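Breakdown of the fold
Each chain, written out:
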Amino acid sequence: GEPELESISVDGAWNTATGDIEYRCVHTRTGELLFAKGPYTDGTNNIAEFLGLVHALAHCTKNGLLSPIYTDSMTAMSWVKRKKAFTKHPRSEWNAVLFDMINRAEQWLATNEPTNKILKWETEAWGEIKADFGRK
């Protein structure tokens, strides 16, 4: 099949040299940037993907958007479904901001019931997700 183009796509990025992470969200059909956050110090790609997906859900809820949301991260999908980031990344003084963001994301998931479908982006069939940072 083909992706639903009237949707939004979210992706996270992790810089292997610095450990910095960031994420962004775009309209799948047009590529219009809806939001971008980061870089943040001392994270993981899974944390970036999770925060991006929760931010996309909150964005849709706040703006009354019923669009499906694509992610290429099965881990982020699982963490959102379970309403908890199961990261084993150690907390440090460098990533305190990230862990605060994770706590707020988990709190948002615990107190909201978003209705947007979360769909897996099929990279092998469709190429890189539209929100990809293009740094591979």
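The text that follows walks through the structure, step by step, so that each part is easy to find. (Residues numbered from 1 in each chain as written. Predicted model: local features only at pLDDT ≥ 70, side-chain atom pairs only at ≥ 80, totals over all residues. Heavy atoms only, no water.)

In this section: the overall build of the chain. For the chain, the count of helices and strands is 4 helices and 5 strands. Listing every helix and strand of the chain by position from the N terminus yields β-β-β-α-β-α-α-β-α. Counting only C-alpha atoms and orienting by the principal axes, one finds that the chain spans roughly 45 × 35 × 20 Å. The contacts of the chain with a sequence gap of at least 6 include a subset with a gap of at least 24, amounting to 64%. As presented, the chain carries roughly 7600 Å² of accessible surface, and 51% of it is formed by carbon and sulfur atoms. Where the 16 positive side-chain charges of the chain centre and where its 18 negative ones centre are 5 Å apart. (Helix = DSSP H or I, 4+ residues; strand = E, 2+ residues; numbered from the N terminus. Contact = heavy atoms within 4.5 Å. Areas by Shrake-Rupley, 256 points an atom, 1.4 Å probe, with all protein chains shown as cover. Lys, Arg positive; Asp, Glu negative; His and termini not counted. Charge placed at Lys NZ, Arg CZ, Asp CG, Glu CD.)

Structurally, Leu 109 can be placed in helix H3 (residues 96-111). The exposure class assigned to Leu 109 is buried, which follows from its relative accessible area of 3%. Along the backbone, Leu 109 and Ala 58 are 51 residues apart, and their C-alpha atoms lie at a distance of 9.0 Å. Discounting chain neighbours no more than four positions away, the residues touching Leu 109 are Phe 50, Val 54, Leu 57, Val 80 and Lys 83. (Buried < 20%, exposed > 50% of the residue type's maximum accessible area, 1.4 Å probe, protein only.)

It is worth spelling out the packing of aromatic side chains at this point. This model, assessed by the stated rule, comprises 5 aromatic pairs. Taking 5.8 Å as the distance between ring centres and 70° as the angle between the ring planes, the aromatic pair formed by Phe 50 and Trp 79 counts as edge-to-face. You can see Phe 50 sitting in helix H1 (residues 45-63) and its partner Trp 79 sitting in helix H2 (residues 74-82), a full 29 residues away along the chain. Residues Phe 50 and Trp 79 agree in their burial class; the two are buried. Pairing Tyr 70 with Trp 126 gives two aromatic rings, centres 5.8 Å apart and planes at 90°, and the pair type is edge-to-face. With Tyr 70 in strand S4 (residues 69-71) and Trp 126 in helix H4 (residues 123-126), this residue pair connects regions lying 56 residues apart in the sequence. (Phe/Tyr/Trp six-rings, centres within 6.5 Å; stacked < 30°, edge-to-face > 60°.)

What follows is about the sheet that holds strand S3 (residues 33-40). In space, the 5 strands of this open sheet follow the order S3-S2-S1-S4-S5, with mixed pairing throughout. At either end of the open sheet lies a strand with only one pairing partner, and these are S3 and strand S5 (118-120). Recorded for the sheet is a direction-independent mean angle of 20° between the axes of neighbouring strands. Bridge count between S4 and S5: 3 bridges; the pairing is parallel. Paired with Tyr 70 across the bridge in S5 is Leu 119. Of the strands in this sheet, S4 and S5 are in contact with H2, which crosses S5 at around 155°. (Pairing = 2+ DSSP bridges. Axes fitted to C-alpha atoms, helices over the stretch in contact; angles between N-to-C directions.)

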